[in-house]
Amino acid sequence: MTTYGRRTILRGIGASAIAATALRSLPAFAQDRKAVRIGYAISKTGANAAGAGITTTPNYLLWVKDVNDAGGIKLSKLGVQLPIEVTEYDDRSSAEETVRAIERLATQDKVDFILPTWGTGPNLASGPSFDKFGYPQLAATAVTDMAPQVAQRWKKSFWLLGGGHDYANALVQLLVKQRDAGKINNKVAIISVADGFGIDLSKAATPAFKDAGFELVYDKSYPLDTSDFAPLLNEIAGLGADTFAAFSYPPDTFAITQQAVVANFNPKVFYLGVGTAFPVYPKIAGPNHNNVMGIGGIDPDSPDIEAYFKRHTELIGEAPDSWASAVTYSSLQILHQAIERVGDIDRDAVASEISTGEFDTILGKLKLKDNQLWSLWTVGQWQDGKFVGLSHTEREGAREPIVPKPNWTAA
Amino acid sequence: MLLSALLTGLVLGGTYALIAMGLTLQYGVARIMNLAYGDVIIAAAFGAFVLFNLAGLNPLLGLLIIVPAGFVLSYLIYALMLQPLARRSGDRGRLEVDSILATFGLLFVIQGIALVVFGSGFMSYSFLAVPINILGTPLAANRVLAFALAVLLGGGLYLLLTRTRWGTAIRAVAVAPGSAPLVGIDVDRVARFAFALGGALAAAGGVIISMYLTFSATAGVVFTMKALVVVIMGGVGNIPGALAAGLILGVVETLVASFIDPGLTLAATYLIFLAVLVLRPSGLFGRNAS
C-alpha cells in the first residue's frame, strides 16, 4: 500500500487543475470531433406543445436537415466540415423543466450550442441558465417589452420578436391612415386574453388608440381557455365600431372567428392575435379567412420565403406560420453563419459575431441592434391565400391593407 | 338582451353538462377519479375528425362508431388497469388516490399516442357552423345541437337509471357500495359497466365538441377540470345534477360576461362552486354526507 503525503496530494491536485485549464483553453482537436452538437428542450407535451409544434420544432428539424444536406457546418480553424448532431428533451411545457434540461445540456451532455424553447415566459425563465453557462440565447419566439433590459443583463441573449408596443403601435398607425382616408369610423372595440401576451398588447394598445383620437367603445379582457365568445361578440356587434381587435391566443382566435360569422358581426377591420398567421387558419375559417388581419406577416414576393415555404411543406407536411416561423429559421441561419465566421466552437466569439455581424437570411439581410431584431413584420392580412405583411417596423409595408373586409359568407 | 344571454348561456351550459355526465358516472359509481377523462374526450374528437376528413362521415353518424368504441375501450381499461386497484383497495379513499395516480399515467399515454399520430397542431373542421335564429337570438347550429344532445343523453340516462333494474343496481352501488353485495349485486361488474358507460359518454362529448371547438392533442386537461367542477357541483354520481350544474354554470358565465365583465367569468364559476360547496357540501342534487 502506498501512502501519499499531504503535499504530494496537494501538488497533484494543483497540477491536474492546471492541466485541466490548459486542456480547456486548447481548441478541440479535429479528430476528436465528429459533429457539432446542438441541444434543445422543447414543449412536446403540455399546454405549449401546440405552439411549439407549429413555430419552433419544425424549423429546428428543417434547419438541421438543410445544414446536414449541405455537408454540415464549416469550422475553418479546425479545418473540418461537421454535421449537426441533436440532443433533444421534452420540457413538458414547464419552465422549471426547461431550466433543468438546459443545465443538463450544458453540464452533462456538454453540447456546443443550445437552441431556445418556445414562448415568452419560458425564454425569460431560461435566460439566467443560458447566461450562467455562457451559451448564446437566440430567443425567436419571445415577445417582450423588457427586451432592452434583459439584453443588457444577459449579454449573450438576443430578442428577435419585438415587444407588445411594437405590434400595438403599428396597428394603430395603420388604422389612423385608414381613418384619415375615410375608410373606417372612429370607434374601436378591443378584447384581450388575460394572459402574458394579451395583457402586454392591450396595455400598449389602449393608450395608443386613445392618443390617436380613437373612441374605445369596448375594451375588456377574458380569461384564458374561454371557449364561448357569443356574449362578447353579441354585445360588441351593436356598438357600431368599424374596427374590432382581439389580442387573442389560439384556439380563441379560431373560436372568435367562428362566432363572428355566426353572429353576422362584420366590422370593416377584423384583427386577431396569435394563430391568425397559422397555416390552419384558412382551413378553419374557410373562405372567410380572406382579409382578416392579425399579428405578423411575410413578404409574399420574396423568392427566399417562397423557397422556405416549399422546403418546410415538403419536410413537415404543412406550411410554416407566417409570423415567427421565418424569424425562427432566420435565427438559426444567423447562428450557423456566426459559427462559420468564427470557424470554431467559441461561444464568446460566436455571441459577439451575432450581435455585431450582418447575416443573409430568408428575411433578407439582418443586423441586430442592441441584441434585438427590428426588421419585423407587425401587422399582416390574409390576401389571396397568403398572410402578407402590411406593416414593418423598419421598412415600408409591402402591401396595402384591404379595407373594408367583405361580409362573411355562411359556410 | 336578457333573453338572448339566457339562450346563449343555456347552449354553453349544454356543453358543460355533456362533458361532465360521463365523469359523474365514473367517479360516482366506479369511484375512479379519472384524470385522463379529458383526454378520452380529445381522443374521440380526433376520431370524429379522421372520420370526417378521410371518410367524409358526418359526425352525427360518427357517433355511432365512436361511442361504442369509447365504451369498449373504457371497459378494457377498467378491466385491465383499474380493476386490480379496486380489488386490493380496502376503502374508497385508497381507491381514489390509487386511481388518481393510475389515470394520471393514462393521461400521458393517450396524449402521447395522439401527439405521435396527429402532431401537436390545432385540429378543426367545420360542421353546421351556421347561425340559426331562436327567438331573435342568432345561435350557432352546432352548439344548439350539442345542447339538444346533452338534454337527450342526460334525460335518457336518467330514465334508465331510475326506471330499470340495472339502473337501480348502479344507483345502489353509487350510494352504498358496501351493502350492495348483500342484495346480490355484483359490485365489480356494475362498476366496470358504469366506467365503460362513462367512457362512452366522454366519447359522445368529444365528437360533439369537435364540431365547434378547435382542439389539440394536449387540450384534454381543460375538459377534465371543467367536468370535475360540474360533477362536484351537481353531486357526485348524479346525472340530473350534472345536467343542472352544467346549465347553471353556462348561464351564469354568460350573464356575467354580458352584464358585468367577461374577465370575471372564471371568478364567477369558482364563486358558485364555492357557494355550493359551503351550502350543500354534497352537491346540488347530492344526498347529505353519510
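Within each chain, residue numbers correspond to sequence positions counted from 1 in written order. Throughout, the order in which chains and ligands are written sets their labels, letters from A for the former and numbers from 1 for the latter. Whole-chain, interface and lining totals are the exception, using all residues; otherwise, since this is a predicted model, local features are given only for residues with pLDDT of at least 70 and side-chain atom pairs are given and counted only at 80 or more. To obtain the side-chain values, all non-hydrogen atoms of the structure were used and water was disregarded.

1. Some words on the sheet that holds strand β11 (residues 269-272) of chain A
Residues and elements named next belong to chain A.
Here comes step 1: Pairing between two strands requires that DSSP report at least two bridges joining them. For helices the rule is a DSSP run of H or I covering at least 4 residues; for strands it is a run of E covering at least 2, with both sets numbered from the N terminus onward. The seven strands lie next to each other as β9-β8-β10-β11-β12-β15-β16, forming an open sheet whose pairing is mixed. Two strands bound the open sheet, and with one partner strand each, they are β9 (215-222) and β16 (386-392). Sheet twist, expressed as the mean angle between neighbouring strand axes with direction ignored, is 20°.
Here comes step 2: Throughout, a contact is declared for two residues whenever any of their heavy atoms are within 4.5 Å. For every element, the axis is a line fit to its C-alpha atoms; helices are fit only across the contacting stretch, and the angle between N-to-C directions ranges from 0 to 180 degrees. Helix-sheet contacts for helix α9 (residues 230-237) involve β8 (187-193), β9 and β10 (243-247), and the interaxial angle to β9 is about 175°.
Here comes step 3: Strands in contact with helix α10 (residues 252-262) are β8, β9, β10 and β11; relative to β11, the strand with the most contacts, it is inclined by about 155°.

2. Topic: the environment of T24(B)
Residue and element names in this part refer to chain B.
Here comes step 1: Mapping T24 onto the fold places it in helix α1 (residues 2-28).
Here comes step 2: With 210 residues separating them in the primary sequence, T24 and G234 have C-alpha atoms 8.8 Å apart.
Here comes step 3: What T24 contacts, discounting residues up to four positions off in sequence, is V29, V231, G235, V236, G237, N238, I239 and A242.
Here comes step 4: We define a polar contact as two N or O atoms separated by no more than 3.5 Å, with the added condition that, inside protein, one atom must be a possible hydrogen donor and the other a possible acceptor, whereas residues neighbouring each other in sequence contribute only through side-chain atom pairs. A polar contact is formed between the side chain of T24 and the backbone nitrogen of N238, at a distance of 3.3 Å.

3. As for a nonpolar patch on the surface
All names here are of chain B.
Here comes step 1: Each patch is built from residues lacking any salt bridge and having more than 30% relative accessible area; the joining distance is 9 Å for like charges and 5 Å for nonpolar side chains (Val, Leu, Ile, Met, Phe, Trp, Tyr). All accessible areas in this document rest on Shrake-Rupley with a 1.4 Å probe, and a residue is counted as covered only by the protein chains that are shown. Every case where a carboxyl oxygen of Asp or Glu lies within 4 Å of a side-chain nitrogen of Lys or Arg is listed as a salt bridge. Nonpolar side chains collect at one region of the surface, where M1, L2, L6, F259, I260 and L264 lie side by side and expose about 590 Å² of accessible area between them.
Here comes step 2: Looking at where L6 falls in the secondary structure, it is placed in helix α1.
Here comes step 3: Think of it in three bands: residues with accessible area under 20% of the maximum for their type are buried, residues over 50% are exposed, and the middle band is partly exposed, with areas taken using a 1.4 Å probe on protein chains only. Classification of L6 as partly exposed rests on a relative accessible area of 34%.

4. A word on the pairing of β8(A)
Residues and elements named next belong to chain A.
Here comes step 1: Of all seven residues in β8, six are buried, a share of seventy percent or more.
Here comes step 2: Across seven bridges, the pairing between β8 and β9 is parallel. Paired with I191 across the bridge in β9 is K220.
Here comes step 3: For a crossover, the right-handed case is the one in which the path from the first strand over the helix to the second runs clockwise, viewed with the strands pointing away from the viewer. This β-α-β element, β8 to helix α8 (residues 196-211) to β9, shows right-handed connectivity.

5. Considering the interface of chain A and chain B
Here comes step 1: Counting residues at the interface gives 30 residues for chain A and 32 residues for chain B.
Here comes step 2: Interface area, chain A with chain B, both sides summed: about 2,600 Å², of which 62% is carbon and sulfur.
Here comes step 3: On the chain A side of the contact with chain B, P223(A), D228(A) and V262(A) bury the most area, a combined 20% of that side's loss.
Here comes step 4: Taken together, the links from chain A to chain B amount to one salt bridge.
Here comes step 5: One salt bridge connects R143(B) with D228(A), and the closest N-O pair in it is separated by 3.6 Å.
Here comes step 6: Linking chain A with chain B are four residue pairs in polar contact (both at pLDDT 80 or more), by the criterion used here.
Here comes step 7: Where the side of chain A that touches chain B is concerned, the elements lending two or more residues are α2 (49-55), β9, α9 and α10 of chain A. Buried area is a sum: the accessible area each of two parts loses on coming together, probed at 1.4 Å, counted once for each and added.

6. Overview of the pattern of salt bridges
Residue and element names in this part refer to chain A.
Here comes step 1: Enumeration according to the criterion identifies 21 salt bridges over all chains in this entry.
Here comes step 2: Between D66 and R311 there is a salt bridge, with its nearest N and O atoms 2.9 Å apart. One end of the pair, D66, is in helix α3 (residues 57-69); the other, R311, is in helix α12 (residues 303-316), with 245 residues separating them in the sequence.
Here comes step 3: Note on R311: relative accessible area 28%, which makes it partly exposed.
Here comes step 4: When the shortest N-O distance is used, the salt bridge between D360 and K365 registers 2.6 Å.
Here comes step 5: Overall, the relative accessible area of 46% leaves D360 in the partly exposed class.
Here comes step 6: By relative accessible area, which is 54% here, K365 ends up exposed.
Here comes step 7: Salt bridges linked by common partners bring R33, R37 and D112 together as one network.

7. A few points about the packing of aromatic side chains
Here comes step 1: Side-chain rings of Phe, Tyr and Trp (the six-membered ring for Trp) are treated as a pair once their centres are within 6.5 Å; stacked means planes under 30 degrees apart, edge-to-face means over 60, and tilted covers the remaining angles. For the structure on display, the rule yields 28 aromatic pairs over all chains.
Here comes step 2: Ring plane angle 10° and centroid distance 6.5 Å describe the contact between Y281(A) and W382(A), whose orientation is recorded as stacked. Here Y281(A), found in helix α11 (residues 281-285), pairs with W382(A), found in strand β15 (residues 377-383); they are 101 residues apart in sequence, far enough to count as distant.
Here comes step 3: Relative accessible area serves as the criterion here: at 0%, Y281(A) is assigned to the buried category.
Here comes step 4: Chaining the aromatic ring pairs together yields one cluster made of F254(A), F278(A), Y281(A), W382(A), F387(A) and F122(B).
Here comes step 5: Counted as over-ring charges are cases with an Arg CZ or a Lys NZ within 6 Å of the ring centre that also lie within 35 degrees of the ring normal. The aromatic ring of F214(A) is capped on one face by R179(A), whose charged end is 4.3 Å from the ring centroid.
Here comes step 6: Above the face of the Y135(A) ring, R347(A) is positioned so that its terminal group lies 4.1 Å from the ring centre.

8. Here we look at the confidence of the model for chain B
Here comes step 1: Residue-level confidence of the predictor is summarised by pLDDT, bounded by 0 at the bottom and 100 at the top. Looking at chain B, pLDDT values average 88 and 99% of them are 70 or higher.
Here comes step 2: Complex prediction metrics read pTM 0.86 and ipTM 0.84.

9. Comments concerning the packing of α12(A) against helix α13 (residues 324-342) of chain A
Residues and elements named next belong to chain A.
Here comes step 1: It is the contact of α12 with α13, at a shortest axis distance of 12 Å, that shows an interaxial angle of 95°. One way to sum up the angle between α12 and α13 is to call them roughly perpendicular. Between α12, through I305, Y308 and R311, and α13, the contact on the second element is made entirely by S325, A326 and Y329.
Here comes step 2: Of the residues that constitute the contact of α12 with α13, the class distribution is four nonpolar, one polar and one charged. Here is the rule for angles: anything less than 35 degrees is roughly parallel, anything more than 145 is roughly antiparallel, 65 through 115 is roughly perpendicular, and the remaining ranges are oblique. Residue polarity follows a fixed list, in which Ala, Val, Leu, Ile, Met, Phe, Trp, Tyr, Cys and Pro are nonpolar, Asp, Glu, Lys and Arg are charged, and the others, Gly among them, are polar.

10. Details of the sheet that holds strand β5 (residues 113-115) of chain A
Residues and elements named next belong to chain A.
Here comes step 1: Read from one edge to the other, the open sheet built from three strands follows the order β4-β1-β5, with strand pairing classed as parallel. Among the strands making up the open sheet, the edge pair consists of β4 (84-90) and β5. Within this sheet the neighbouring strands show an average axis-to-axis angle of 25°, counted without direction.
Here comes step 2: Helix-sheet contacts for α3 involve β1 (36-42), β4 and β5, and the interaxial angle to β4 is about 165°.

11. Section: the nonpolar core
Here comes step 1: Formed by 114 residues in total, the largest nonpolar core has its most connected members in W63(A), I191(A), F209(A), F244(A), I256(A) and W323(A).
Here comes step 2: Per element, the largest residue contribution to this core is ten residues, and it comes from α13(A).
Here comes step 3: Leaving out residues up to four positions away in the same chain, F244(A) has contacts with A189(A), I191(A), L233(A), I236(A), I256(A), F265(A), P267(A), V269(A), F270(A), Y271(A) and L272(A).
Here comes step 4: Among the nonpolar cores identified, the runner-up in size contains 74 residues, and A44(B), L51(B), F215(B) and F273(B) belong to it. Put simply, buried Ala, Val, Leu, Ile, Met, Phe, Trp, Tyr and Cys residues joined by side-chain atoms within 4.5 Å make one nonpolar core.

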